[in-house]
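In case you want the letters, here they are:
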Amino acid sequence: GENVEQHPSTLSVQEGDSAVIKCTYSDSASNYFPWYKQELGKRPQLIIDIRSNVGEKKDQRIAVTLNKTAKHFSLHITETQPEDSAVYFCAAKNTGGFKTIFGAGTRLFVKA
Amino acid sequence: EAQVTQNPRYLITVTGKKLTVTCSQNMNHEYMSWYRQDPGLGLRQIYYSMNVEVTDKGDVPEGYKVSRKEKRNFPLILESPSPNQTSLYFCASSWTGERNTEAFFGQGTRLTVV
């Protein structure tokens, strides 16, 4: 069945460095790719998303890139801060929104 | 305020005792879904619903039931809970089709089955 692979499972960076999380999806009908941040004990919340007709999107320190041919999409966080420490999930959703498939998550630690 | 509300937030129950976790959204979203979150496994979809009276299985539907009698409500039913259903559960809702958007998540329900 469809799946989304997410790497790495754990990422530790020094404050101020960049962090990159990568996802690969299998369903070529996927056309919407959101990224969620989940802080400890809280619900996942959207931080950025991208649609299949766009290759890159940026929002301040966060950017997402999409390579439809390779079925890859990535989250880039620049100038990381301790408050960026959380679990990040990528997801892929197909046309019509029948299913959302989530990656297994990346636990990001930003060391001060 | 746009929100998805789940109840209860915490529940401890015994094996075999039927329970229902409620989920309600006030955004008129067509799509609603239930997920369970377990360490190292991320969010796995249990059931989803495209609209009233339209439901379908996700990746891990065994041991669960759902219903969608009204657009705003999507309860999750465990007819005979077992310890392997101990988990953190999230309900979510979103638009579909051309308005395909992010999922809004409820606060989560931490269920323990002993």
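Look up: the structure comes first, before these words.
A few points on the structure. Because the structure is a prediction, the values reported are computed rather than measured.

Further remarks concern the interface of chain A and chain B. The interface is formed by 21 residues belonging to chain A together with 25 residues belonging to chain B. In terms of surface lost to chain B, no three residues of chain A exceed A:Arg43, A:Lys99 and A:Phe102, which account for 28% of the buried area on that side. The interface formed by chain A and chain B contains 0 salt bridges. The tally of links between chain A and chain B comes to 5 residue pairs in polar contact (both at pLDDT 80 or more). Here the side of chain A that touches chain B is built from residues that sort into 9 nonpolar, 7 polar and 5 charged.

By size, the foremost hydrophobic cluster in this structure holds 24 residues, and its most contacted members are A:Trp35, A:Phe73, A:Leu75 and A:Leu108. Of all the secondary-structure elements, those providing two or more residues to this core are β2 (10–14), β3 (19–25), β4 (30–38), β5 (45–51), β7 (62–67), β8 (72–77), β9 (86–94) and β11 (106–111) of chain A. Once you skip the residues sitting within four places of it in the chain, A:Leu108 turns out to touch A:Leu11, A:Val13, A:Ala19, A:Ile77, A:Asp84, A:Ser85, A:Ala86 and A:Tyr88. Ranked by size, the runner-up nonpolar core spans 19 residues in total, among them B:Trp34, B:Tyr47, B:Val60 and B:Tyr64.

Below, the discussion takes up the sheet that holds strand β7 (residues 65–66) of chain B. Residues and elements named next belong to chain B. Strands sit in the order β1-β3-β8-β7 across an open sheet of 4 strands; the sheet is antiparallel. Bordering the open sheet on either side are β1 (4–7) and β7, each of which pairs with just one other strand. As judged from the 4 bridges shared by β1 and strand β3 (residues 19–25), these two strands associate in the antiparallel manner. Following the sheet pairing, Gln-6 is matched in β3 by Cys-23.

The rules behind each value
- Residues numbered from 1 in each chain as written.
- Chains lettered and ligands numbered in written order.
- Predicted model: local features only at pLDDT ≥ 70, side-chain atom pairs only at ≥ 80, totals over all residues.
- Heavy atoms only, no water.
- Contact = heavy atoms within 4.5 Å.
- Buried area = accessible area lost by both parts, 1.4 Å probe.
- Salt bridge = Lys/Arg side-chain N within 4 Å of Asp/Glu carboxyl O.
- Polar contact = N/O pair within 3.5 Å; in protein donor to acceptor, adjacent residues only side chain to side chain.
- Nonpolar A, V, L, I, M, F, W, Y, C, P; charged D, E, K, R; others polar.
- Core = buried A, V, L, I, M, F, W, Y, C linked by side-chain atoms within 4.5 Å.
- Buried < 20%, exposed > 50% of the residue type's maximum accessible area, 1.4 Å probe, protein only.
- Helix = DSSP H or I, 4+ residues; strand = E, 2+ residues; numbered from the N terminus.
- Pairing = 2+ DSSP bridges.

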